[in-house]
Amino acid sequence: MNLTPSQWAALLPLLYPVIGGCLVALMSLDKDQATTKWIRAAMYGTALLAVGATFWYLTDLWTTGSQPTFFQLHMDRLAQFTGIFVVVAAALTILQGWDHFHQEGWVKGETLALLLFSVSGMILFAATTHFVALFLGLELFSIPLYALVGTVRARSESAEGGMKYFLTGAVASSCFLMGGVLIYGLSGTLDLAVAAPVLVAKGLGTDPLVLVGAALLLLGFLFKVSAVPFHQWTPDAYEASPHPIAGFMSVATKGVAFIALLRIFPGSLAPLGAVGVKMQAVMAVLAVATLVLGNLTALVQTNVKRMLAYSSISHAGYLMLGFVAGTPAAFNGVLFYLVIYLAMNMGAFGLLTAFGLVGEKTTFDDLRGLGWKRPAMGVSAAIIMLSLAGIPPMGGFYGKYMIFRELVATGHVGMAILGVLASLVSAYYYLRFLVALFLQSPGAEAERLASDRPAVHAPLAGASVLVCAAIVMAGGFLQAFLANGFARRALADGLGLLR
Amino acid sequence: MFITFAFVTLLGALGMLLQKNVIVAGLCMVATFFGVAGLFLLLANPVAAALQIIVYSGAIMVLVLFVIMMLNSHEEEAAQTARPVQRWVSVALVAALAFGAVKLVLTSAGLKALAVSGEPMPGAMTLQKVGTTLFAEHLLGFEVAGILLLAAMVGAVALTKRNL
């Protein structure tokens, strides 16, 4: 079978990471990878090269404006946007991973191979409306992540977190599958974009089975974005996983799930008007629950990683508010916020690596006084944390602003006020991070231990944090350019939501 | 016929859940698989039925029984603490779920329409048809499934190999 150039163009963004993953898996067969540095460097280099090739290819597609397809895979603007988003997150993860896994003493090529497979699955997940491809994409990015959470087997609790994530994730995936099957059973077509008009034509738009199917699909998405009540896995999984992987999960999984949700619910299933209305009602209730629970629980955490996990839950709440508003401008805000969120959260988890916090030592007490020792990291931490709290002129503020403005415009004033209150509350725990960094001096015991250990050397993680801080600042000052140039075009050309 | 196979499937599944002895539970699973294979036959899909018996009842069952034998723990371990509240809540939830599902199926207009008009019966699924749809219509899914299996294998090795 011969593929046309256009079909190759659609496939290549998925193929580059897969080929890279296979190569890295083969390289990690080498027994000397624990002792010989150049083999490790070659593995990380290959992974970066694969990710870089995908990035280069997708930006090329974006600038030429072509939107190739291969069977059910539609590499449209929205998919290209997602691809670039995921690939940047993966590149930052790989850079931070080099430092973090050396600190943990667990540098394995399999980790990289799994990460690359996951990247490929994520791009597929956001680039299709066909249920079979959608489900396979979901599994292709979830299964490597289950393994990645438990990857550092030297730590006993990593297996626990991985197992919890795996079991809950498997249940959520099977619910997602059941939802798709119900819609397929009644419509007779696997392509959700085709199924919606067929169902309307048959007069089954409000059939209870269709509603339940849509609800189960929604459950699958909400699990992946860790919205309340499907959030319980999040803190345990993040705490168990290596810092860069936790960052990748919080950013890429959430982003891809939101973009796929956008493609399926307001996009493909739009002809089923009743489903859209019900989806918005459910989203409104769950967004409130997510914001309240995520923020209040984050207040009482002593472990930075658990705090960041609850913070990522509350950020899912802000993004869900964009779906409650449901206007194209709100979706534009969601995409913009996702980009800023990528930089903020990859930066926040990168800081843990850059400060050399390993294993269990990730409490606020371990951060004391580190801001003065590493001024560049301290300033980056200040930028990232203030942006997470949504304080202008950082990028995080504008993302929230775009979403809240649309909420007010569509008459959800109460929810907008709740969102603002929630970000005020969140300022407390983000500032606590900065207080620990700058205003508290480390205990005598910690000082003594620190002087015994060699100085933390994490140049790549440090560089990635600086890049993240720069993106956050750029998001603040160039927000109109970013939102109109990228997010808006992704929505307009990809989904046809904006004209 | 449908009722028979459905009962075999359901009873097998129930037996698997309630059985304390792991090997008997495994054998109950075989009964479930056979019931599902029968349901596939009724849906004019002998290929799926044959695959179900070969792959599930044959290969996967043997694998499961081997694992049970290797682990050498035939009896379920007793729970460390009895949790009566959770037990009853879960029973109530399952009952509510079952009731909801039955009600849903009975009230669905779409299913009734299917029963009355009866969709035109497609011809029996043959191996040729499976092959052509797999490699023509679902080529992307087929390839991705291959990558998925590879990723799962790498993940399993990364998690379990002693001297990685």
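Structure: above.
Report on the accompanying structure. Quick caveat, the model's predicted, so the values are computed rather than measured. (Residues numbered from 1 in each chain as written. Chains lettered and ligands numbered in written order. Predicted model: local features only at pLDDT ≥ 70, side-chain atom pairs only at ≥ 80, totals over all residues. Heavy atoms only, no water.)

1. Brief notes about the nonpolar core
Residues and elements named next belong to chain A.
Step number 1: Formed by 193 residues in total, the largest nonpolar core has its most connected members in L73, F265, L335, L367 and F433.
Step number 2: The dominant element in this core, judged by the number of residues it contributes, is helix α13 (residues 328-354), at 18 residues.
Step number 3: The contact partners of F433, leaving out residues within four places of it in the chain, are V304, M307, L351, F364, L367, A381 and M385. (Core = buried A, V, L, I, M, F, W, Y, C linked by side-chain atoms within 4.5 Å. Buried < 20%, exposed > 50% of the residue type's maximum accessible area, 1.4 Å probe, protein only. Helix = DSSP H or I, 4+ residues; strand = E, 2+ residues; numbered from the N terminus. Contact = heavy atoms within 4.5 Å.)

2. Here's the deal with empty space enclosed by the protein
All names here are of chain A.
Step number 1: Under the definition given, this model contains one cavity of 30 Å³ or more.
Step number 2: Taken as a whole, the largest cavity encloses approximately 40 Å³ of empty space.
Step number 3: For the largest cavity, the full set of lining residues is Y44, T93, I94, G97, F101, T111, L112, L115 and I245.
Step number 4: Listed by contribution, the elements that provide at least two residues to the lining of the largest cavity are α3 (77-104) and α4 (109-125). (1 Å grid on protein atoms, 1.4 Å probe; cavity = no way out; pocket = protein on both sides within 12 Å on 5 of 7 lines; lining within 4 Å. Points joined across faces, edges and corners; volume = space filled by probe spheres on them.)

3. Things to note about the interface of chain B and chain A
Step number 1: Facing 27 residues of chain B, the contacting portion of chain A comprises 34 residues.
Step number 2: A combined buried area of about 2,600 Å² lies between chain B and chain A, and 77% of that area is made up of carbon and sulfur atoms.
Step number 3: For the interface between chain B and chain A, the tally reads zero salt bridges.
Step number 4: Those elements giving two or more residues to the side of chain B that touches chain A turn out to be α4 (84-107), α5 (109-117), α6 (127-137) and α7 (139-160) of chain B.
Step number 5: At 15 residues, α7 of chain B tops the list of elements feeding residues into the side of chain B that touches chain A.
Step number 6: Among the residues forming the side of chain B that touches chain A, the class breakdown is 17 nonpolar, eight polar and two charged. (Buried area = accessible area lost by both parts, 1.4 Å probe. Salt bridge = Lys/Arg side-chain N within 4 Å of Asp/Glu carboxyl O. Nonpolar A, V, L, I, M, F, W, Y, C, P; charged D, E, K, R; others polar.)

4. Here we look at the environment of L65 of chain B
All names here are of chain B.
Step number 1: Its location among the elements puts L65 in helix α3 (residues 46-71).
Step number 2: With a relative accessible area of 25%, L65 lands in the partly exposed category.
Step number 3: Distance from L65 to V24, taken between C-alpha atoms, is 10.0 Å for residues 41 residues apart in sequence.
Step number 4: Residue contacts for L65: discarding those within four places in its chain leaves I23 and L27.

5. A look at the packing of aromatic side chains
All names here are of chain A.
Step number 1: In this structure the tally under the stated criterion is 28 aromatic pairs over all chains.
Step number 2: Ring geometry for W372 against F438: centres 5.2 Å apart, planes inclined by 75 degrees, an arrangement best described as edge-to-face. Taken together, the residues W372 in helix α14 (residues 370-373) and F438 in helix α17 (residues 413-439) connect sequence positions 66 residues apart.
Step number 3: Given the relative accessible area of 60%, W372 is considered exposed.
Step number 4: Aromatic rings pair up to connect F125, F131, F135, F141, F176, F221 and F265 into one cluster.
Step number 5: Between the NZ or CZ atom of K400 and the centre of the ring of Y318, over which it lies, the distance is 4.3 Å. (Phe/Tyr/Trp six-rings, centres within 6.5 Å; stacked < 30°, edge-to-face > 60°. Lys NZ or Arg CZ within 6 Å of the ring centre and 35° of its normal.)

6. Description of the packing of helix α2 (residues 37-64) of chain A against α3 of chain A
Residues and elements named next belong to chain A.
Step number 1: Contact pair α2 / α3: the axes reach a minimum separation of 9 Å and the direction vectors enclose 165 degrees. Overall, the two elements α2 and α3 adopt an arrangement that is roughly antiparallel. Crossing of α2 against α3: the hand is left-handed.
Step number 2: In terms of residue class, the contact of α2 with α3 is made up of 19 nonpolar, six polar and three charged. (Axes fitted to C-alpha atoms, helices over the stretch in contact; angles between N-to-C directions. Parallel < 35°, antiparallel > 145°, perpendicular 65-115°, else oblique. Left-handed = near helix turned anticlockwise from the far one by under 90°.)

7. Observations regarding the pattern of salt bridges
All names here are of chain A.
Step number 1: Here the structure, examined in full by the defined rule, presents eight salt bridges over all chains.
Step number 2: E160 is the salt-bridge partner of K164, the closest N and O atoms lying 2.8 Å from each other. Here K164 pairs with E160, and both are found in helix α6 (residues 156-187), just four residues apart, close to one helical turn.
Step number 3: Here R306 and D236 are joined by a salt bridge, their closest N and O atoms 3.3 Å apart. Here D236 lies in helix α9 (residues 233-240) and R306 lies in helix α12 (residues 304-325), a separation of 70 residues in the sequence.
Step number 4: By sharing partners, the salt bridges in this structure join E160, K164, D236, E239 and R306 into a single network.

8. Looking at the environment of G97 of chain A
All names here are of chain A.
Step number 1: Along the polypeptide, G97 turns up in helix α3.
Step number 2: For G97, a relative accessible area of 3% gives the class buried.
Step number 3: A C-alpha to C-alpha distance of 20 Å links G97 and D236, two positions 139 residues apart in sequence.
Step number 4: Excluding residues that lie within four positions of it along the chain, G97 makes contacts with Y44, H102 and P244.

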